[in-house]
Each structure stands twice: as C-alpha cells, then as structure tokens.
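Here is what each chain is made of, one letter per residue.
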Amino acid sequence: MEGPSPVSALIHAATMVTAGVYLVVRAHLLFEISGVALTVVLVVGLVTLLYGALAALGQDDLKRVLAYSTISQLGYMFVAAGMRLYGAAILMLVAHAFYKALLFLTAGNVMHGLDGELDMKKMGGVRRSMPITAVLFTIGALALAGVPPLAGFFAKDHIVNFADQTGRTAVYLLALAGAFISALYAGRAAFLVFFGTPRSDLRGHEAPPIMNTPLAVLAFGAATGGLLGLSTENGTLQEFLEPVTGPLAHITGGLSEPVLISIAAVVAIAGVVLAGYVWGTGYDWMVLRQRLGVQPAMEAGFGIDALFGAVNEIAGKGAARFLAFTVDRRWIDGVVNGVGAGARSLAGLGRRIQTGFVRTYALALFMGAAGILLYLGWRF
Amino acid sequence: MRWLSLTIFLPLVGVPFLLAARDLPDRWSRGIGLLVTVAAFLVSLGILANFHAGDPGYQLTESVTWVKALHLRYSVGVDGISLFMVLLTTFLMPLAVLASWKVDSNVRLFMASMLVLETAMLGSFLSLDLLLFFLFFEAILFPMYLIIGAWGGERRIYAAVKFFLYTMAGSALLLVAILFLFSRSGSLPGGPTFDVRSLAHLELSTTAGRWLFLAFFVAFAVKVPVFPLHTWLPDAHTEAPTAGSVLLAGVLLKVGAYGLIRFNLSLFPEASHYFADLISILAVIGIIYGSVVALIQSDIKRLVAYSSVAHLGFVVLGIFAFTLQGTSGGVLQMINHGLSTAGLFLIVGMVYERTHTRELGELGGLAKVMPWLAGCFLVVVLASIGLPGLNNFVGEFLVVLGTMISNVGFGVLAASGIVLGAIYLLWSYQRAMLGEVPEEHSGHGDLSVREVAILAPVIALLVVFGLRPNLLLERIDPTTNAVVHRIECPPPAVPSALPSVSTGSAEGCPEVAAAGSTAGVSP
C-alpha cells in the first residue's frame with residue numbers, strides 16, 4: 001500500500017496476497033482430511049470479507065480503500081475454498097487480479113496527475129481532466145462492485161449463491177451484505193474521485209498513452225473475465241481445474257438459480273446507486289459520517305493495526321528488553337562476573353597475610369614456633 | 001606430500017620475519033601477513049584435491065612419535081567434518097588480514113599473532129591425538145587474547161580477560177578428562193595412548209562415560225557457546241577488532257562445535273544419547289533466546305554476536321538430533337555460519353571505519369551514501385536469514401528436517417527461530433541502511449578496491465553453496481553417516497555398558513544406514 005503503485009498492483013492484486021488462496025486450493029486434500037480445517041477457512045473468510053469491506057468504506061485515502069478492499073475480496077476467496085468451491089475461488093482470484101491491478105494502476109495515474117495527492121476529500125470531478133483514467137477506473141470499480149456482466153459479478157455470484165444452494169443461509173446473508181458494502185465503497189471511491197465538483201484547486205492531467213495502454217488491457221480483462229466461468233458448475237475455468245479439485249459438492253436446494261442471480265445483481269446495482277446518491281450528487285458526505293459516528297473505527301481498521309502494534313511494542317519489545325538487560329546482563333552475566341569477583345575477594349583475604357613488613361613475618365614465625373613447641377610439649 | 005602438516009605450519013613461516021625485523025615498515029608487515037595466509041590457503045586446496053569424497057574415515061594421515069615418555073604422538077588426519085573447517089579457516093584468514101589493513105599500531109605483532117592463531121586453529125581441527133589437540137586448542141587462546149586485548153575497543157581488557165578465563169575454566173575440565181581417558185587406555189591393544197581412533201574403542205563404565213562427556217561438553221559448550229555459557233561472546237565480539245570478530249565468529253566458535261562431534265560423539269556414544277535431550281533443549285533455548293536478545297540490541301556488533309548464539313544453537317541442535325540430515329545439516333551450518341557471519345562482521349567493520357559508531361540509532365540511510373556496501377550487506381543479511389538460494393537455507397532446512405525426524409517439538413521451536421532471525425536482521429538493516437542519512441555520515445565513500453576484494457569471495461561462496469550444497473554435502477555425508485550410525489548402533493564390543501539404549505536404538509539402525517545421503521536434498 002505504501003509501495004509504488006505498480007508494486008501495489010502486483011502485490012495486492014495478482015501475486016503475493018492471493019498466494020494464500022492458491023495454497024489452500026493446492027493443498028485442498030490436506031484441508032479435507034482434517035475435517036475441521038475447511039470450516040475454519042470458511043469462518044475466517046467470512047469475518048475477513050466483512051471486516052475488509054467495512055474498513056474499506058471508512059478510508060479517505062484512495063489506495064487504502066483498495067488495500068482494504070483486497071482483504072475483503074480475499075475473504076470471498078477463502079469462503080469459496082471453505083465450501084470446497086475451488087474453481088470459483090480461482091476464478092475470483094483471476095478476476096480480482098484484473099480489476100484490482102487496474103484500480104491500483106489507475107489510482108497511480110490519479111496520484112501522478114494530482115502531484116501525489118491520495119486524499120479523496122480533496123478530489124472530485126477529476127474525470128474532466130483525466131477522462132480516460134476515469135473510464136478505466138469506473139470499469140474497475142463496477143467490476144469490483146459485482147455489477148453484471150463484468151468479471152466481479154460472475155466470480156462473486158458463484159460464491160454467494162453456492163452458500164444458499166448448499167443450505168448455508170447465514171453465510172449467504174452475510175456474504176450478500178458484504179457484496180452490498182463492496183458495491184458501496186467501490187462506488188464511493190469512483191464518485192468521490194471522478195464525479196461531482198472539485199473540492200480543492202488540484203487540477204490533474206491525463207496520463208500518457210504508454211501508461212494507459214496496459215490499463216486498457218486490464219480493463220478488457222476486468223470486463224470480460226467472467227467468460228472464463230459463466231456457470232458455477234461447468235464454466236471453462238472450473239472444468240479446466242476439475243481434474244485437480246474434484247467434482248463440486250452436491251447442490252441441495254435453496255432458491256432457484258435465476259432468482260439468486262437477480263438478487264445478486266440487484267444488490268450490486270443498489271449499492272452503486274446508493275453510493276452515487278450519497279457521494280455523487282452533492283450530498284454532504286461529511287454530515288453522513290458525523291451522523292453515523294462509526295467512521296473513526298472503520299478508518300482505523302477497527303484497531304487491528306494498533307492492537308498488533310501495541311502487542312509488538314509492549315509484549316514483544318518488553319520481553320526482549322527483559323531478556324537482554326535483566327536476564328542476560330544481570331543474572332547470567334552477573335553469575336559470571338560474580339565468580340570473578342568472588343575469586344578476587346578470596347585472593348584479597350589471602351593478600352592480607354603478605355604485608356611485606358618483616359615484623360609481621362617475624363611475629364608469625366614466632367607464633368608458629370611457639371605453637372609447635374606447645375603442641376610437642378603437650379603431646380609428650 | 002604431507003599436505004596437512006604443510007598447511008598447519010606454513011603460517012608460522014612468517015612469524016620469525018615479523019618478530020626479528022624490529023624496524024619492518026608496516027606495509028611490509030601487512031604484505032607478509034597477506035602473502036603467508038594466501039599461500040596457506042593455496043596449500044590447503046591441496047588437501048581438498050587429495051581428499052576422497054566417498055571415504056568416511058581419516059585421510060592423509062600422518063603419525064610421528066613426539067614425546068615418547070608421555071605417549072604423545074603427532075597424529076593428524078582429515079575427514080569430512082574437519083575438511084571444510086580447515087578450508088574455512090584458510091579462506092577467512094587472508095580476508096581477515098585484508099580487513100585489518102587500517103590497523104596501525106604494532107602491525108608486526110598483530111600480523112604475527114594472526115599467523116600463530118591460524119596455525120593453532122588448523123592444528124585443532126586436524127589433530128587426532130587428544131593431547132596434541134589440547135595443545136593447539138590452548139594455543140588459540142594466546143594470540144586471540146592479544147588481538148582482543150591490544151587492538152580492541154574501549155572495554156578490550158575486560159573482554160579479553162573474560163574470554164580468556166572463561167575458556168580456560170572449560171579447558172581445565174577438558175584436560176582432567178583427557179588425562180583420565182589416558183589413564184584407562186592401558187588396556188587397549190596398542191598400550192596407553194591419546195589417539196582418538198584407539199580411545200573410541202575404550203570400554204568405560206556408564207558413569208565414567210557420562211562424567212567424561214560432561215567435562216568435554218562444558219569445555220566445548222563455552223566455545224560454541226551453548227546457552228547459558230555465552231556471555232563472554234557479546235563482549236569479546238564487540239570489543240575485538242574486525243579481524244578478531246571475523247575469526248571468533250567464523251572459526252573459533254566452530255572449534256567448539258567441531259569438538260562436540262569429534263570427541264563427545266565418537267568417544268562417548270552412550271552418554272551422547274543420554275544427554276541428547278538436555279542439550280537439544282539448551283540449543284533450542286539458545287536459538288530463541290539469542291534471537292530475542294539480538295532483537296533489542298542497539299550495538300550492531302552485539303546484535304550479530306547474539307545472532308551467533310542463535311545460529312550456533314541450530315548447529316548443536318542438528319548435531320544432537322542423531323539423524324543424517326540433522327548432523328550433516330549441523331556441519332553444513334558451521335560452514336555457512338562461518339561465511340555469512342564473517343561477512344556481517346566484515347561489513348560492520350567497514351561501516352565502523354567510516355562512521356566510527358556501532359550504534360544503530362546513530363546510523364541510517366547509508367544505502368544512499370554507499371550503495372555497493374549496502375547491496376553487499378543486503379546479500380549477506382539475506383543469506384543469514386536463510387533465504388532460499390543462499391547458503392544458510394540449506395543448512396537450516398536440513399537441521400530442522402533432521403530434528404523433526406527425531407523430535408517434532410524441537411523442530412517446531414527451531415523453525416520459529418528462523419522467523420525471529422528474519423525480524424532482527426531485516427530490522428537492523430533497515431535502521432542502518434534505509435531512511436534519512438544523518439548529516440555527519442553523508443560524505444562517506446563507497447567500497448574501495450580492497451574492500452571489494454574482501455567481500456566478493458565471501459558473497460560468491462554464499463551463492464555457490466546456496467545453489468550447489470552438494471559440493472560440501474557429498475564430502476560431509478559419509479563421515480556424518482558413520483558418526484550417526486555409531487551413536488544409533490553401538491558396536492557389539494560394548495553392549496554391556498549400554499543397557500538403557502540397546503532396545504531403542506536397534507530399531508533405528510537400518511533406517512540410518514538406509515538414509516544414505518542428504519546430497520539428494522537441494523533447493
């Protein structure tokens with residue numbers, strides 16, 4: 001997130017963070033043997049997706065929105081893996097790589113155009129100075145929001161619907177809520193940055209074609225990536241992976257597929273529309289945040305960072321300091337130096353006898369001789 | 001060709017010149033030091049060339065009666081364990097001499113001490129006679145005492161005396177144990193002897209074996225150092241001049257670990273088994289404790305010193321896992337640690353020569369001022385952490401694997417030490433090399449030609465041994481396999497002395513023999 005935009009794009013979208021999902025899918029046999037491990041994966045994924053979505057909604061820094069959004073999207077992938085829906089997890093991984101890389105790089109365009117500014121409070125109306133970037137970002141944001149027929153819709157749709165079809169109603173509802181929040185923050189970012197009126201005197205400039213051309217490729221992927229897996233069971237990608245991942249769990253019921261798809265589409269579109277209403281049409285978003293009163297917690301990522309920092313600072317460094325300066329220096333080395341000091345003071349006692357004065361030695365000699373004589377006299 | 005004797009005593013050739021010529025210019029003293037150490041390195045390559053990789057026993061042996069009345073023989077020989085200790089020593093010596101180019105007081109005496117030190121270290125690794133080993137082992141102390149005490153930092157006298165007394169205390173026990181062994185050796189076919197090869201067949205009572213093991217162990221544990229006998233190390237490392245730190249970390253600590261394998265394991269197999277768990281626990285404590293304490297150090301030399309405590313914990317843990325992977329990994333890790341920690345001390349010395357501070361708080365941003373030095377530092381730091389592709393990874397991997405086979409708990413704890421290693425080393429790198437440059441350090445120059453000549457060979461070997469560990473393992477494995485086999489399957493001559501382990505070890509024997517070689521494991 002603090003890295004340069006291409007690095008963020010690579011780390012957050014395509015490679016590093018999604019390695020965890022890849023590993024779960026790769027090692028799915030181990031997870032399945034365990035019995036409980038997949039449930040853990042599912043629950044962790046669910047918590048992660050809601051946590052990331054809410055935290056993303058609370059950020060004012062454009063790249064932080066995207067970073068927390070990545071956490072949330074990874075949650076979806078874990079939920080999918082936890083339900084043994086490995087094909088959809090990988091589909092989401094691929095789709096996410098397209099639109100999140102696109103979003104990070106367009107965010108880089110914005111940052112570059114606005115002299116390094118990332119605070120969305122100071123943006124607004126950037127589409128006038130950066131029209132191409134605006135279009136590209138909007139495609140990415142809509143894909144992220146899960147608006148049909150972009151890539152994010154299909155990927156997320158399979159996961160959310162499958163929860164209902166296998167009787168996991170609570171998972172379904174929470175994942176659906178997460179999808180709504182995703183649409184909300186994705187729309188919020190797009191509207192705050194590119195739409196409305198400028199809120200500061202920053203005037204951007206469009207990025208050169210050499211930067212926008214690769215983004216167009218990513219935008220194409222973000223728009224059409226869903227074609228890789230149109231259907232939950234027999235999409236191209238899922239069939240490709242089936243020899244490795246095995247057949248899908250049996251669908252036991254739930255609502256019919258068209259109904260589920262419609263609900264997912266409505267939720268995504270509703271989220272974007274609401275975002276447009278709140279942040280795009282001149283509504284004072286500062287007021288909303290004050291009314292809700294939850295912004296600080298969301299912006300701070302619910303204090304997880306601070307908690308880790310505090311644990312590290314207090315427990316970690318405290319323990320290290322105790323070991324280094326009390327245990328090591330005082331106790332262990334104290335014993336070592338104590339042995340040395342003991343030998344020294346013992347030698348000090350012995351040294352007292354060696355005064356260097358002849359009279360002392362003469363006295364000792366005399367006492368000794370007297371002692372021996374007395375002993376001999378007593379003995380015989 | 002008597003390659004071993006030639007290598008051991010070649011360094012001494014320079015000493016008379018250095019001591020006799022009172023008015024020798026400093027340039028000449030340095031030149032003699034460099035010339036002789038380079039020559040010793042080249043000669044030691046002859047040992048490598050004549051070494052047969054598949055032979056687990058002692059090779060190129062020489063044996064001459066020295067003092068008949070004492071039954072002291074000059075017996076030397078090399079095997080898979082000592083081979084690379086010798087090469088590591090002769091490899092690091094010229095680099096240590098080069099790193100001491102800026103020493104400008106009593107250069108003559110400094111170089112003479114270095115050369116005597118080299119002979120003593122080489123003799124320790126190659127002796128097959130216990131008394132001869134003891135003489136060389138003790139002979140290490142004097143030059144090192146001088147190097148720390150005369151050319152060290154502010155608290156050099158305290159550090160030198162502490163180093164000397166601490167090691168001497170251990171040596172006293174060692175000498176008593178050696179003499180006791182000698183007193184019992186009359187029953188052996190060749191009569192009383194100090195020869196390790198004969199003493200290995202000595203029948204000892206279980207109690208005697210265990211007490212002797214402890215005496216040997218304490219002497220070597222001080223050197224390694226095994227927790228909690230380590231507190232001389234941070235002081236000695238910190239106060240020693242760069243060359244002293246390099247040789248302390250690179251070679252001297254290995255003398256202790258080498259002694260554990262060579263003498264404790266081969267002379268007292270039953271006691272080795274008996275104490276293995278206890279020693280493994282100390283080793284694991286050393287790994288974690290050393291890492292955590294290193295984490296909070298502000299003096300970068302102290303930090304590297306504590307990192308040695310942790311890394312040597314891996315070595316000891318591997319040795320006492322009694323699996324081929326663990327013991328080979330332990331020996332491999334001795335070499336790896338010798339290279340990477342020597343590299344760390346060399347670079348820290350270069351930084352100190354420029355900035356005159358070792359406090360991390362006073363450093364920062366040096367990567368902007370000296371990018372090449374920072375780049376070399378990064379490679380060495382990554383190697384120390386155990387990044388795959390660099391040398392330490394292979395050794396740590398084998399140690400953890402070998403430990404897992406014998407004890408899962410120790411393996412898990414040791415693996416956590418690797419993570420801690422990454423934390424303290426990367427954090428110290430960040431504090432020293434990244435961020436803003438303090439005003440007073442913004443004018444320093446990058447690496448000189450001499451410094452490139454020091455670092456390039458080290459870094460080259462970090463990469464080579466990271467990618468081709470088999471260069472080392474195929475020579476180490478036969479010997480460690482024999483050592484492990486001896487521990488796990490005691491020779492039939494002494495089964496009566498080993499009632500407690502005879503059932504447990506019998507099952508393990510075919511496995512050890514079948515395990516064959518770790519040379520198949522490579523990244």
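Now for a look at the structure at hand.

1. Structural notes on the overall build of chain B
Now for step 1: Within chain B one finds 21 helices and 2 strands.
Now for step 2: In terms of overall size, chain B behaves like a compact globule, its C-alpha atoms giving a radius of gyration of 22 Å where 523 residues would be expected to give roughly 24 Å.
Now for step 3: Principal-axis analysis of the C-alpha atoms gives chain B an extent of 70 × 55 × 40 Å.
Now for step 4: A total of 523 residues make up chain B; the buried ones form 63% of that total.
Now for step 5: Within chain B, contacts between residues at least 6 apart in sequence are counted, and of these 81% link residues at least 24 apart.
Now for step 6: By element, 68% of the accessible surface of chain B is carried by carbon and sulfur atoms, the whole surface being about 18,100 Å².
Now for step 7: Across chain B, 27 positive and 31 negative side-chain charges occur, with their mean positions spaced 6 Å apart.

2. Focus on the nonpolar core
Now for step 1: If you look at the biggest cluster of nonpolar residues, it comprises 191 residues, and the most contacted ones within it are Leu-130, Leu-181, Phe-216, Leu-247, Leu-267 and Phe-320 of chain B.
Now for step 2: Ranked by residues supplied to this core, first place goes to helix H11 (residues 242-267) of chain B with 16 residues.
Now for step 3: Sequence-distant contacts of Leu-181 of chain B, defined by excluding residues within four places in its chain, comprise Leu-130, Leu-199, Leu-202, Leu-204, Leu-212, Phe-216, Leu-267 and Phe-268 of chain B.
Now for step 4: If you look at the next biggest cluster of nonpolar residues, it comprises 91 residues, including Ala-145, Val-160, Val-171 and Leu-215 of chain A.

3. Notes on the packing of aromatic side chains
Residues and elements named next belong to chain B.
Now for step 1: Summed over all chains, the structure comprises 31 aromatic pairs over all chains.
Now for step 2: A centroid spacing of 5.0 Å and a plane angle of 85° characterise the contact between Tyr-274 and Phe-275, whose relative ring orientation is edge-to-face.
Now for step 3: One aromatic cluster is present, formed by Phe-133, Phe-137, Phe-216, Phe-220, Phe-263 and Phe-268 through successive ring pairs.
Now for step 4: The residue whose ring lies beneath Lys-223 is Phe-137, and the NZ or CZ to ring-centre distance is 5.1 Å.

4. Looking at the pattern of salt bridges
Now for step 1: Scanning the model with the defined rule gives 16 salt bridges over all chains in all.
Now for step 2: Among the salt bridges present, the one from Glu-270 of chain B reaches Arg-210 of chain B, with a minimum N-O distance of 2.6 Å. Of this pair, Glu-270 of chain B sits in helix H12 (residues 269-295) while Arg-210 of chain B sits in helix H9 (residues 206-223), and the two are 60 residues apart along the sequence.
Now for step 3: Exposure remark for Glu-270 of chain B: the relative accessible area of 8% places this residue in the buried category.
Now for step 4: Several salt bridges converge on common partners, so that one network encompasses Asp-333 of chain A together with Arg-155, Lys-162, Asp-235 and Arg-302 of chain B.

5. A closer look at unusual backbone geometry
Now for step 1: Cis geometry is found at the peptide bond from Pro-148 of chain A to Pro-149 of chain A, where omega equals 5°.
Now for step 2: Counting through the fold element by element, Pro-149 of chain A comes out in the loop between helix H7 (131-145) and helix H8 (151-165).
Now for step 3: In this chain, Val-224 of chain B is followed by Pro-225 of chain B through a cis amide linkage whose omega measures -10°.
Now for step 4: Note on placement: Pro-225 of chain B falls in the loop between H9 and helix H10 (232-239).
Now for step 5: Its identity as a non-glycine residue notwithstanding, Arg-84 of chain A has a phi of 65°, on the positive side.
Now for step 6: Relative to the assigned elements, Arg-84 of chain A resides in the loop between helix H5 (62-82) and helix H6 (86-113).
Now for step 7: Notably, His-356 of chain B is not glycine yet its phi reads approximately 60°, a positive angle.
Now for step 8: Topologically, His-356 of chain B is positioned in the loop between helix H14 (324-355) and helix H15 (366-369).

6. A short note on the pairing of strand E1 (residues 59-67) of chain B
All names here are of chain B.
Now for step 1: The pairing of E1 with strand E2 (residues 72-78) spans 6 bridges and is classified as antiparallel. What sits directly across from Glu-62, in E2, is Val-76.
Now for step 2: A loop of 4 residues connects E1 with E2, the two strands running antiparallel in sequence, and His-71 in this loop sits at a positive phi of about 60°.

7. Things to note about the packing of H5 of chain A against H6 of chain A
Residues and elements named next belong to chain A.
Now for step 1: One can describe the packing of H5 onto H6 by two numbers: an axis separation of 9 Å at closest approach and a directional angle of 175°. Relative to H6, the element H5 is oriented roughly antiparallel. Touching Leu-62, Lys-63, Leu-66, Ala-67, Ser-69, Thr-70, Gln-73, Tyr-76, Met-77, Ala-80 and Ala-81 of H5 are Tyr-86, Ala-89, Met-92, Leu-93, His-96, Tyr-99, Lys-100, Leu-103, Phe-104, Ala-107 and Met-111, all from H6.
Now for step 2: Residues belonging to the contact of H5 with H6 are distributed by class as follows: 16 nonpolar, 4 polar and 2 charged.

8. Digging into the interface of chain B and chain A
Now for step 1: Taken together, the contact pairs 17 residues of chain B with 13 residues of chain A.
Now for step 2: Buried surface at the junction of chain B and chain A, both sides included, amounts to about 1,200 Å², of which 65% is carbon and sulfur.
Now for step 3: Area buried by chain B at its contact with chain A is led by Thr-231, Tyr-289 and Ile-296 of chain B, which between them contribute 42% of it.
Now for step 4: Linking chain B with chain A are 1 salt bridge, by the criterion used here.
Now for step 5: Among the salt bridges present, the one from Asp-333 of chain A reaches Lys-162 of chain B, with a minimum N-O distance of 2.6 Å.

9. Description of the side chain of Lys-162 of chain B
Now for step 1: Note on placement: Lys-162 of chain B falls in helix H7 (residues 156-184).
Now for step 2: If near-sequence neighbours (up to four positions away) are discounted, Lys-162 of chain B is found in contact with Asp-333, Val-336 and Asn-337 of chain A together with Thr-231, Trp-232 and Asp-235 of chain B.

10. Quick notes on the environment of Val-44 of chain A
Now for step 1: With respect to the element layout, Val-44 of chain A can be found in helix H4 (residues 37-57).
Now for step 2: Once the C-alpha coordinates of Val-44 of chain A and Ala-216 of chain A are considered, the two residues, 172 residues apart in sequence, prove to be 34 Å apart.

11. With respect to the environment of His-237 of chain B
Residue and element names in this part refer to chain B.
Now for step 1: Checked against the element boundaries, His-237 lands in helix H10.
Now for step 2: Taking C-alpha positions, His-237 is 8.6 Å from Ala-159, a pair spaced 78 residues apart along the chain.
Now for step 3: Among residues more than four places away in sequence, those in contact with His-237 are Ser-245, Leu-248, Ala-249, Leu-253, Lys-301, Ala-305, Ser-308 and Phe-345.

Procedures and definitions
- Residues numbered from 1 in each chain as written.
- Chains lettered and ligands numbered in written order.
- Predicted model: local features only at pLDDT ≥ 70, side-chain atom pairs only at ≥ 80, totals over all residues.
- Heavy atoms only, no water.
- Helix = DSSP H or I, 4+ residues; strand = E, 2+ residues; numbered from the N terminus.
- Rg over C-alpha atoms; globule rule 2.2 N^0.38 Å.
- Buried < 20%, exposed > 50% of the residue type's maximum accessible area, 1.4 Å probe, protein only.
- Contact = heavy atoms within 4.5 Å.
- Areas by Shrake-Rupley, 256 points an atom, 1.4 Å probe, with all protein chains shown as cover.
- Lys, Arg positive; Asp, Glu negative; His and termini not counted.
- Charge placed at Lys NZ, Arg CZ, Asp CG, Glu CD.
- Core = buried A, V, L, I, M, F, W, Y, C linked by side-chain atoms within 4.5 Å.
- Phe/Tyr/Trp six-rings, centres within 6.5 Å; stacked < 30°, edge-to-face > 60°.
- Lys NZ or Arg CZ within 6 Å of the ring centre and 35° of its normal.
- Salt bridge = Lys/Arg side-chain N within 4 Å of Asp/Glu carboxyl O.
- Pairing = 2+ DSSP bridges.
- Axes fitted to C-alpha atoms, helices over the stretch in contact; angles between N-to-C directions.
- Parallel < 35°, antiparallel > 145°, perpendicular 65-115°, else oblique.
- Nonpolar A, V, L, I, M, F, W, Y, C, P; charged D, E, K, R; others polar.
- Buried area = accessible area lost by both parts, 1.4 Å probe.

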